[in-house]
Amino acid sequence: MAVTSLKEYIGVPRDTVANFNGKQLVYVSWDHHLLFAAPFLLCIPPQMTFREMVEGPLTALTQPDPDAKNIDWSKVEWMKSNQAWVPNFGASLADNGIGHKDQIRMRTPNLNSLRAAA
Amino acid sequence: MSNVFIALQANEETRPIIEAIVMDNPQAVVKREPAMVKIDAPGRMVIHKETIEGLVGRAFDLQEMHIHLITLSGNVDETDNSLTLTWNN
Amino acid sequence: MDTQVTKKKLGLKERYKLLTRDLGWETTFHTKDEVYPYVKYEGIKINDWDKWEDPFRLTMDAYWKYQAEKERKFYAIIDAHAQNNGHLNLTDARYLTAIKMFLQAISPGEYAASKGFARMGREFGGVGTQVACQMQALDEIRHAQTQIHAISNYNKYYNGFHAFSDSRDRIWYTSVPRSFFDDAMSAGPFEFMIAIGFSFEYVLTNLLFVPFMSGAAFNGDMATVTFGFSAQSDEARHMTLGLECIKFMLEQDPGNLPIVQRWIDKWFWRGMRILSLVGAMMDYMLPKRVMSWKEAFDIYGVENGGALFNDLARYGIKPPKGWDVAAGAIEHMSHQLFLGLYQWSFGTAFHGWIPSDDDMEWLSAKYPTTFDKYYRPRWEHIKKLEAEGTPFKNYGLAKLCQTCQLPTVFTEPGDPTMMCHRETEYKGEKYHFCSDGCQEIFEHEPEKYLQAWLPMPALFSELNGDIGAWMDWVGLKNGVDNGDYVGSQDQINFDKWRGMATSNKQS
Ligand SMILES: [Fe+2]
Ligand SMILES: [Fe+2]
């Protein structure tokens, strides 16, 4: 049973995409860059291209990190739902298969200024 | 053996209670912290009404302790004459 | 012989028996199942309700007598506090951040606990349990009231206190304790007892109240010491109720063990997540610190929790499943959460700040293997940003955990440099978690947690991302209640008034 109850009980999810006025939630985090305490929550339209997301909100939000100015976006390694994945910068989020509440992760292997010395 | 403990507010009324606990439980260790006193004892601690009455010089109802208690640890058994804390290990 | 027998004074056990004697009548109009409709569906089997006994055996007259005395003591001190400018005796007004968080997040939990125990006093089948739950319901409403009353003195002078009831319902971080209590109250009576009576009261309350009250005593906050101790004096009774209830469930039927164990695992984990707020308070918010979060956990978590679970081992109970993961994260959790509270302080009804050099030295000493290695570099960089005139604010908002509702600030077990990413799909929807513990709780009862009202997504679904409208709605005065402590009205006023109180300066 999907909930302990007296009789059958079906819940109504609160955060379905229909509630976001044509936009969707996308979570983005930068591995090993924990100056940012949690993944960023973005609420953006699915028609936005991946490049627009990177050059817009993502560039702005990552600014405070000392590595931000040295990011070579063409070399960033990406993950989606914790699996390695290659985005198409020119295509929309929807065409990149980025759905509502998807988690995108970026890695910059040689760029880890604030990471603890091993 | 695990410690049982009791913590009481640090005030005039708990002074004789703490004193009685120390008298009746030779293994008890008293720790004084800001505004509170914590008493640890290995496995078991007994608080006797009679000992407290001897110190305060009046009748004392063990349930008066409820006013000053902060926390305790262990299985509780309370009678008119004593309050006991124990761990079964 | 004709000597008159003197009427013997009744003993404690007999008095308690008389108090509860007539409450357990045999019903005739309705079956027991109709009268107590919620005691079976969770799967807990009870064969004999009379086997449950209240070890304190407090009768109603004694209860009122001692509670009245506690109230008299409480108000004597609160009056003295108000009459003697108690609000200026604090070490520093920065300290009040902890009290604002307490009022917004914890006091409403007292009220929720009162509602919950009132319900359990009705739903449980045994008279001993009913009486103990009803007393606890009265205690808990007293706690909520005395806390609000005591803290209202600070509301006259400082910001961040004025809208606590709206904060309770609407601001983001309060949804953490609120969802904790909502989860417990929407469960059955036995799970509620394990959640609140056992896990919260027995395992966690010491970690919440004892350090809080000692911290208040250390920082000159007589009002909080007083409400804290007044509330805490009921706690020994609550803890004992929780422990007796769990033993009772385990003794009644061997089939109860796996159900109880799962609840212990769940509620320990949910409780540890709430305690991250307490950890941040102890390690960062108290100007004068009593002990570190880690030291408190060693005493009340490891030592006391260990003793408890050793004792329960005779019933087959094992320590909570997440225990080792939680213990492994003790030297990280407060740092990870406070870093978040600082960077999102534009959205908190309390102030944030960069730890001073002294603070950081204390943190390195208390956390020798973690603070300098992982957390100091971040703060040094934040200090640099501040010095350059570009103070660090993270306007990215945060991904929240579907179960505990905290921002997902926690790292992978065993790798403090890697954020923990957990997600699952249920009926075509994605859900995210801060940890395996929270994910497992969701997966056991997805139909419950998929309804969670998560404040960060709601800012977009309900207010279209309009931060100003959101601030109005949660009762947050921008530039007054929130942001950095340095330069805040609270700081300026405290320094000014304190100057007036300790010298002849007029303004
Ligand atoms: Fe309470
Ligand atoms: Fe969580």
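This text follows the structure it describes.
Description of the structure in this document. All values reported here derive from a predicted model rather than from experimental measurement.

This part is about the packing of helix α3 (residues 60-83) of chain C against helix α5 (residues 127-155) of chain C. All names here are of chain C. Where α3 contacts α5, the axes come no closer than 11 Å and their chain directions differ by 5°. What the angle tells us is that α3 and α5 run roughly parallel. Listed contacts from α5 to M60, Y63, W64, Q67, K70, E71, F74, Y75, I78, H81 and A82 of α3 are M135, L138, D139, R142, T146, H149, A150, N153 and Y154. Looking at the contact of α3 with α5 residue by residue, the classes come out as 11 nonpolar, five polar and four charged.

The next point concerns the packing of aromatic side chains. Residues and elements named next belong to chain C. One pass over the full model with this rule turns up 45 aromatic pairs over all chains. Judged by centre distance (4.7 Å) and plane angle (85°), the rings of F74 and Y75 are edge-to-face. Note on F74: relative accessible area 1%, which makes it buried. For Y75, a relative accessible area of 27% gives the class partly exposed. Aromatic side chains F297 and W323 sit 6.1 Å apart centroid to centroid with 40° between the ring planes, which places their arrangement in the tilted category. Placement of the pair is F297 in helix α11 (residues 293-312) and W323 in helix α12 (residues 323-329), with a sequence separation of 26 residues. The buried category is assigned to W323, whose relative accessible area is 14%.

This part is about the pairing of strand β2 (residues 415-419) of chain C. Residue and element names in this part refer to chain C. Burial within β2 is extensive, with four of its five residues counted as buried. Taken together, the two bridges between strand β1 (residues 411-412) and β2 define a ladder with antiparallel strand orientation. By the bridge assignment for β2, E412 is matched with D415.

The protein chains that touch form two pairs of chains, and the pair with the most contacts between them is chains A and C. These two, chain A and chain B, are apart from each other, with no contact and a minimum C-alpha gap of 31 Å.

Taken together, the contacts link 55 residues of chain C with 47 residues of chain A. Summing the contributions of chain C and of chain A, the shared interface buries around 4,300 Å²; its carbon and sulfur component is 60%. In this structure, the connection of chain C to chain A is made through two salt bridges. Residue E429 of chain C pairs with K101 of chain A through a salt bridge whose shortest N-O separation is 2.9 Å. Along the contact surface separating chain C from chain A lie 19 residue pairs in polar contact (both at pLDDT 80 or more). Taken together, the elements giving at least two residues each to the side of chain C that touches chain A come down to α13 (333-343), α15 (371-387), β2, β3 (422-426), β4 (429-433), α17 (446-449) and α18 (455-463) of chain C.

Right, let's talk about unusual backbone geometry for a bit. Positive phi outside glycine occurs at S81 of chain A, with the angle close to 45°. Following the sequence through the fold, S81 of chain A ends up in the loop between β3 (77-80) and β4 (83-85). Notably, Q405 of chain C is not glycine yet its phi reads approximately 70°, a positive angle. Turning to its location among the elements, Q405 of chain C is positioned in the loop between α15 and β1. Judged by relative accessible area, which is 6%, Q405 of chain C ranks as buried.

Attention now goes to the coordination of the iron ion (ligand 2). Residues and elements named next belong to chain C. C401 (SG), C404 (SG), C434 (SG) and C438 (SG) make up the full set of protein donors to the iron ion (ligand 2), lying at 2.3 to 2.4 Å. Of note is the iron ion (ligand 2), whose four donor atoms meet at the metal with angles of 105 to 115° in an arrangement that counts as tetrahedral. In primary-sequence terms, the residues that donate to the iron ion (ligand 2) follow C-x2-C-x29-C-x3-C. Neither residue differs from the other here; C401 and C404 are each classed as buried.

Right, let's talk about the coordination of the iron ion (ligand 1) for a bit. All names here are of chain C. Around the iron ion (ligand 1), the donor atoms from the protein are E110 (OE), E140 (OE) and H143 (ND1), and they sit 2.1 to 2.2 Å away. Every donor residue of the iron ion (ligand 1) comes from the same chain, spaced as E-x29-E-x2-H. Here E110 is found in helix α4 (residues 96-123), whereas its partner H143 is found in helix α5, with 33 residues between them in sequence. No difference in accessibility class separates E110 from H143, as the two residues are buried.

Attention now moves to the layout of surface pockets. Residue and element names in this part refer to chain C. Approximately 970 Å³ is the volume found for the largest pocket. Here the element with the most residues in the lining of the largest pocket is α5; it accounts for seven residues. In terms of residue class, the lining of the largest pocket is made up of 15 nonpolar, nine polar and 13 charged.

Facing 32 residues of chain B, the contacting portion of chain C comprises 40 residues. It is Q63, H66 and I67 of chain B that lose the most area in chain B upon contact with chain C, and together they represent 21% of the buried surface on that side. Remark: the boundary between chain B and chain C carries zero salt bridges. One can count eight residue pairs in polar contact (both at pLDDT 80 or more) joining chain B with chain C.

To continue, consider the sheet that holds strand β5 (residues 102-107) of chain A. Residue and element names in this part refer to chain A. Read from one edge of the open sheet, five strands run β2-β1-β5-β3-β4, paired in mixed fashion. Each edge of the open sheet is held by one strand with a lone partner, namely β2 (40-44) and β4. Along the sheet, successive strands turn relative to each other by an average axial angle of 35°, direction set aside. Here β3 runs beside β4; their pairing, made up of three bridges, is antiparallel. Across the sheet, K80 pairs through a bridge with Q83, a residue of β4.

Residue and element names in this part refer to chain C. In the structure shown here, the tally under the stated rule is 42 salt bridges over all chains. Note that R237 and D139 form a salt bridge whose closest N and O atoms lie 2.7 Å from each other. Of the two residues, R237 sits in helix α9 (residues 222-252) while D139 sits in helix α5, which places them 98 residues apart along the sequence. In terms of burial, R237 and D139 fall into one category: buried. Three or more residues joined by partner-sharing salt bridges are found here, namely K70, E71, D139, R142, D234 and R237.

The rules behind these values
Residues numbered from 1 in each chain as written. Chains lettered and ligands numbered in written order. Predicted model: local features only at pLDDT ≥ 70, side-chain atom pairs only at ≥ 80, totals over all residues. Heavy atoms only, no water. Axes fitted to C-alpha atoms, helices over the stretch in contact; angles between N-to-C directions. Helix = DSSP H or I, 4+ residues; strand = E, 2+ residues; numbered from the N terminus. Parallel < 35°, antiparallel > 145°, perpendicular 65-115°, else oblique. Contact = heavy atoms within 4.5 Å. Nonpolar A, V, L, I, M, F, W, Y, C, P; charged D, E, K, R; others polar. Phe/Tyr/Trp six-rings, centres within 6.5 Å; stacked < 30°, edge-to-face > 60°. Buried < 20%, exposed > 50% of the residue type's maximum accessible area, 1.4 Å probe, protein only. Pairing = 2+ DSSP bridges. Buried area = accessible area lost by both parts, 1.4 Å probe. Salt bridge = Lys/Arg side-chain N within 4 Å of Asp/Glu carboxyl O. Polar contact = N/O pair within 3.5 Å; in protein donor to acceptor, adjacent residues only side chain to side chain. Donors = N, O, S within 2.8 Å, 3.2 Å for Na, K, Ca; no water. Tetrahedral: all angles 85-135°; square planar, octahedral: opposite > 155°, others 65-115°. 1 Å grid on protein atoms, 1.4 Å probe; cavity = no way out; pocket = protein on both sides within 12 Å on 5 of 7 lines; lining within 4 Å. Points joined across faces, edges and corners; volume = space filled by probe spheres on them.

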